[in-house]
Amino acid sequence: MNNAVNNGVWSGSWVAERLGVGIAGDDALTEMLGLALRRNPKRAHLLVSHVLGKHVPQSPSVVYGHGLALGRRVRDLLGEADSGRAVVLGYAETATGLGHSVADGLGLAPYLHSTRRPVAGVAPAGGFEESHSHATTHLLLPEDTTLLVGTGPLVLVDDEFSTGNTIMNTIRDLHDRYPRERYVVVALVDMRSAEDAGRLEAFAREIGARVDLVAAARGTVSLPEDVLKRGQDLVTEHESAHAGARGRVESAATAAWARPAPANPHPTHHRVDLHWPHGLPDGGRHGFTPAHRTRLEAALPEMAARLAEAIPEGARSALVLGFEELMYAPLRLACELERSVTADVRYSTTTRSPVLAVDDPGYAIRSRLVFPAHDDPADGPGDRYAYNVAGAGFDAVVAVVDSAADTPALHAPDGLLARLAAHTPHVVLAVIPSYVPERLPMLPEPLRGPAFSSYAPEEVGWLLQDLSDVTLEAPTEEREEAIQSGGAHYAESLPVEYQPSEQYQELFQAALETSAARIAQAVGAVTETVIAERSPRPVLVSLARAGTPVGVLMRRWAQFRHGLDLPHYAVSIVRGRGIDANALRWLAAHHDPRDVVFVDGWTGKGAITRELAAAIEEFEAAGGAAGFDPEIAVLADPGSCVRTYGTREDFLIPSACLNSTVSGLISRTVLRADLVGPDDFHGAKFYRELAGADVSVAFLDAVAARFPEVAEAVAAAVKELLASDRTPTWEGWAAVERISEEYGIHDVNLVKPGVGETTRVLLRRVPWKILARAGAGADLDHVRLLAEQRGVPVEEVGELPYTCVGLIHPKYTRGATGADGKAVAL
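Just so we're clear, the structure is a prediction, and the values are computed from it rather than from any experiment.

Draft legend 1. Layout of the overall build of the protein. In terms of regular secondary structure, the protein is built from 22 helices and 36 strands. The buried share among the 826 residues of the protein stands at 60%. When contacts within the protein are restricted to residue pairs at least 6 apart in sequence, those whose partners lie at least 24 apart make up 76%. Within the structure as shown, the protein displays about 31200 Å² of accessible surface, and the carbon and sulfur contribution to it stands at 51%.

Following this line, the structure appears as structure tokens:
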């Protein structure tokens, strides 16, 4: 009864003869499919798969093998690069396990399946209707709300592809919100008519995307015009003729095994504790990542061993029975069990679908068990079914349900366990914890331009709160006095934004013109290194705000060179206070932390590098998500503090010359207890009033325009970088310590090495003097101009590992500056 062809009789012949339904197609088609009659006014017939593991018990290795094979075909179709960007979506309820198996065959793709079970506290990310089903509404409830947002291929998996309506409804719903260039439809059987095949092609042209189809077998179904009425009449006639024999165990036959089960007020079963890994999802209802897959693979042998101990010695056959949408976990357990016991192991699942049972070799559904729903469904109580279990002669049945379904109704005298106990001597129950995403305090979505920043919305999302309406600026001298006296932290206020003179603006433009190609090469080198060593599809997280222009440029390089549309966010990190933990929480909820690459403009002495490493360690110790790599990727690493960089030369990066007007008009970040609560992002201001002086986008465009001309140089530089020893030497830190002592400062925080940091000293702090490497040329033109404007001496030094070093005025008091605010000697 488990084969599509039994003793030479095809399991679809009974319906074909009586209803006039015809099937034609591949040789494998009748081996994979049988036919049955639906008890559904919307469709008369049911294609019954013998390799899906839903209605017909089958070898679990056969069921899993078909899904894996389809996934590998999709991987071959897409290629390695696009396969690594793909997301797989399976359909409830019949294809949840098939879709998951396809994701396994594809490799590194995350998986999500639609569901008919609403989950309290989880907002739908989408949904669609399945017109022919008895239960039409599908919900999409991903824990990671950005799972469906990417531009990589979306792989949609269903057990059969007939008219294509459900698939097209899904794609249309998702494409309107999350457009992408490619979709792949996967099915065990493609049963479309020539007309329906043409509809899919027209649909692909309509939405402007490529839609491929991968199927294990192909064919067509021919139906008489009055098939729906004839089917309903046949169901009514058959049920009336056998109403007395059916009871709650329904079959056309009246053999002893098919008679109604005697009432048993105390059905017995053996419960097995699987020791399911804590926090591992039970399936793809809320998403299942490659990291989840790794955890499951490691735990499967031990869990299957616990089930094997519950199978009685000498058992010749055993069934692992899954539960409605819970198909994949029982399937994988059954595969492991099949390898570890001598019994013939089969696999199938219970279902919502009402199908007529006919005990005839030419009919695919020979028997059915009927029992009440036992998971408190949102659409109310109703019957559920297990097909081809009664009469199969299983020595043991292992029922696998999730904890939401382990209710009194499951254990009731007319419940599933009692129905099983009437037809097998051993019933085993295994309960998998129902996974519900952790609902932490809701964090807002990232701020984006033009409402916040002058960057285009796709260039960067700011994980910050907008404090534009709060007065935070203080005179530079007052800030310095408060900071050095310990009365305030530098992140509790903002310096007054420096407004560059016309001469200074000309210097910026000249510096940009001469260094754009050099910057473009460094951008290309660091981006290629990240893609090669850190993640093929990194999530760029720039440290606001100096890192943000670099993050945008890296994102543009990835688009230019690889066609990648990388996510990019900006977060706050504050020396002495660490990184914004709420921003990390948001990132972990929306992306795999292992894909996150922190980005900054340059390194000085490496203080932020150390700050980030300590902050990540503290975040994980406090129970935050693991997997964030604290090493920063930077454009320039003159301090030799990191392994991932574009260059280690200390040269002028024009974005260091200005403040907000080259950083999207965003201030430096603010962390103050009266403004930033425990569940808030750090703050920043958007200086809309400076739009007339904004060169943020002009800077990006000038550098990106040089990408084509530096492409070859980047390839050579990356080849050399990847082959070299890039272990940080921290020579910059050593130089800063030496300078701090040599100049009697005795505080490394007041020594700011490198062109970028020196510029910041001149723009934001009270500078004492500038140390410049002898012979430094145009890279220091803007530094010399700023120093002249602020009356700060520039002292040339023979041996200096940096082009220049800025020294903040030590032991600061108001009296240490003249009436004009310029620095005077101590």
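Draft legend 2. Up close: helix α19 (residues 707-723). Under the 1.5 Å per step criterion, the end-to-end length of α19 is 23 Å for 17 residues, consistent within 8% with the ideal 24 Å. Along α19, the positions that sit buried rather than exposed are Phe707, Val710, Ala711, Val714, Ala717, Val718 and Leu721. Along its buried surface, α19 packs onto α14 (502-533), α15 (547-562), β31 (644-647) and α18 (696-704).

Draft legend 3. How the structure looks around the packing of helix α9 (residues 290-310) against helix α10 (residues 328-340). Where α9 meets α10, the closest approach of the two axes is 9 Å, and the angle between their N-to-C directions is 65°. Every pair of crossing elements has a handedness; the one defined by α9 and α10 is right-handed. Contacts between α9 and α10 involve Leu296, Glu297, Leu300, Pro301, Met303, Ala304, Leu307 and Ala308 on the former and, on the latter, Tyr328, Arg332, Leu333, Glu336, Leu337 and Ser340. Of the residues contributing to the contact of α9 with α10, the split by class is ten nonpolar, one polar and three charged.

Draft legend 4. Representation of the environment of Val63 within the structure. Along the chain, Val63 falls in helix α3 (residues 60-83). What makes Val63 buried here is its relative accessible area of 6%. Along the backbone, Val63 and Tyr347 are 284 residues apart, and their C-alpha atoms lie at a distance of 8.3 Å. Excluding residues within four positions of it along the chain, Val63 makes contact with Val51, Leu52, Gly53, Gln58, Leu331 and Tyr347.

Draft legend 5. Structural context of the sheet that holds strand β3 (residues 22-25). Here we have six strands laid out as an open sheet, ordered β3-β12-β11-β10-β6-β7, and mixed in their pairing. Looking at the sheet topology across the chains shown, the edges are occupied by β3 and β7 (111-113). Across the sheet, the mean angle from the axis of one strand to that of its neighbour is 30°, orientation sign disregarded. In this structure, strand β6 (residues 87-90) lies alongside β7, joined through three bridges in parallel fashion. Looking at β7, one finds that Gly90 is bridged to His113. Contacts between helix α4 (residues 96-106) and the sheet are confined to β6, β7, β10 (154-161) and β11 (182-190), with β10 contributing the most and set at about 135° to the helix.

Draft legend 6. Up close: the pattern of salt bridges. This structure, assessed with the given rule, holds 40 salt bridges. The salt bridge partner of Glu324 is Arg352, with a shortest N-O separation of 3.7 Å. Highlighted residues: Glu324 in the loop between β15 (317-322) and α10 and Arg352 in the loop between β16 (344-349) and β17 (368-372), separated in sequence by 28 residues. Per residue, the accessibility class of Glu324 equals that of Arg352, and both read buried. Salt-bridge contacts for Arg648 lead to Asp637; the nearest nitrogen and oxygen are separated by 2.9 Å. Placement of the pair is Arg648 in the loop between β31 and β32 (683-684) and Asp637 in the loop between β30 (632-636) and β31, with a sequence separation of eleven residues.

Draft legend 7. Main features of the packing of aromatic side chains. On inspection of all chains with the given rule, the structure shows twelve aromatic pairs. Plain terms: the ring middles of Trp557 and Phe560 are 5.2 Å apart, the flat faces sit at 65° to each other, and that makes the pair edge-to-face. Placement of both Trp557 and Phe560 in helix α15 is noted, with a separation of three residues, approximately one turn of the helix. The class for Trp557 is buried, based on a relative accessible area of 0%. Exposure remark for Phe560: the relative accessible area of 35% places this residue in the partly exposed category. Seen from their ring centres, Tyr569 and Trp586 are 5.1 Å apart, and the 70° between their planes marks the pair as edge-to-face.

Draft legend 8. Spotlight on the side chain of His568. Inspection of the secondary structure puts His568 in strand β26 (residues 568-571). Here Glu459 takes part through its backbone oxygen, which lies 2.9 Å from a polar atom of the side chain of His568. Only 2.9 Å separates the side chain of His568 from the side chain of Ser542, close enough to count as a polar contact. Not counting residues within four places of it along the chain, the set of residues in contact with His568 comprises Glu459, Val460, Gly461, Leu540, Ser542, Thr548, Gly551, Val552 and Arg555.

Draft legend 9. Seen up close, the environment of Glu611. Tracing the backbone through its elements, the reader meets Glu611 in helix α17 (residues 607-621). Excluding anything up to four places from it in sequence, Glu611 contacts Ile573, Val574, Arg575, Gly576, Arg577 and Gly578.

Draft legend 10. Representation of the nonpolar core. Residues Leu37, Val155, Val186, Tyr363 and Leu420 are the most contacted members of the largest nonpolar core, which totals 132 residues. Contact partners of Val186, with chain neighbours within four places excluded, come to Leu70, Val74, Val102, Val155, Leu156, Val157, Asp158 and Val214. In this structure, Leu494, Leu512, Ala704 and Val710 belong to the second largest nonpolar core, which totals 106 residues.

Draft legend 11. Layout of the environment of Val358. With respect to the element layout, Val358 can be found in the loop between β16 and β17. Along the backbone, Val358 and Arg368 are ten residues apart, and their C-alpha atoms lie at a distance of 9.2 Å.

Draft legend 12. Structural view of unusual backbone geometry. In this structure, the amide linkage connecting Gly449 to the following residue, Pro450, adopts the cis form with an omega of 0°. Between Ala544 and the following residue, Arg545, the backbone shows a cis peptide bond with an omega angle of 5°. The topology assignment puts Arg545 in the loop between β25 (539-543) and α15. Here the phi dihedral of Asn388 falls at roughly 60°; this positive angle occurs in a residue that is not glycine.

Draft legend 13. Looking closely at the packing of α15 against α19. As a packed pair, α15 and α19 sit with axes 12 Å apart at the nearest point and diverge in direction by 85°. As judged from the angle between their axes, α15 and α19 are roughly perpendicular. The residues of α19 that touch α15, namely those facing Leu553, Arg556, Trp557, Phe560 and Arg561, are Phe707, Pro708, Val710, Ala711 and Val714. Here the residues of the contact of α15 with α19 sort into eight nonpolar, no polar and two charged.

Draft legend 14. Local environment of the sheet that holds strand β35 (residues 794-797). Spatially, β33-β36-β34-β35 is the arrangement adopted by the four strands of the open sheet, whose pairing is mixed. Each of the sheet's edge strands pairs with one partner strand only, and the pair in question is β33 (751-753) and β35. Between one strand axis and the next, the sheet turns through 20° on average, direction left out of account. As defined by bridge partners, strand β34 (residues 767-773) adjoins strand β36 (residues 804-808) across five bridges and the pair is classed as antiparallel. Bridging across to β36, Ala772 finds its partner in Cys804.

Calculation rules
Residues numbered from 1 in each chain as written. Predicted model: local features only at pLDDT ≥ 70, side-chain atom pairs only at ≥ 80, totals over all residues. Heavy atoms only, no water. Helix = DSSP H or I, 4+ residues; strand = E, 2+ residues; numbered from the N terminus. Buried < 20%, exposed > 50% of the residue type's maximum accessible area, 1.4 Å probe, protein only. Contact = heavy atoms within 4.5 Å. Areas by Shrake-Rupley, 256 points an atom, 1.4 Å probe, with all protein chains shown as cover. Expected span 1.5 Å × (residues − 1). Axes fitted to C-alpha atoms, helices over the stretch in contact; angles between N-to-C directions. Left-handed = near helix turned anticlockwise from the far one by under 90°. Nonpolar A, V, L, I, M, F, W, Y, C, P; charged D, E, K, R; others polar. Pairing = 2+ DSSP bridges. Salt bridge = Lys/Arg side-chain N within 4 Å of Asp/Glu carboxyl O. Phe/Tyr/Trp six-rings, centres within 6.5 Å; stacked < 30°, edge-to-face > 60°. Polar contact = N/O pair within 3.5 Å; in protein donor to acceptor, adjacent residues only side chain to side chain. Core = buried A, V, L, I, M, F, W, Y, C linked by side-chain atoms within 4.5 Å. Parallel < 35°, antiparallel > 145°, perpendicular 65-115°, else oblique.

Distances and angles like these do not, on their own, reveal function.
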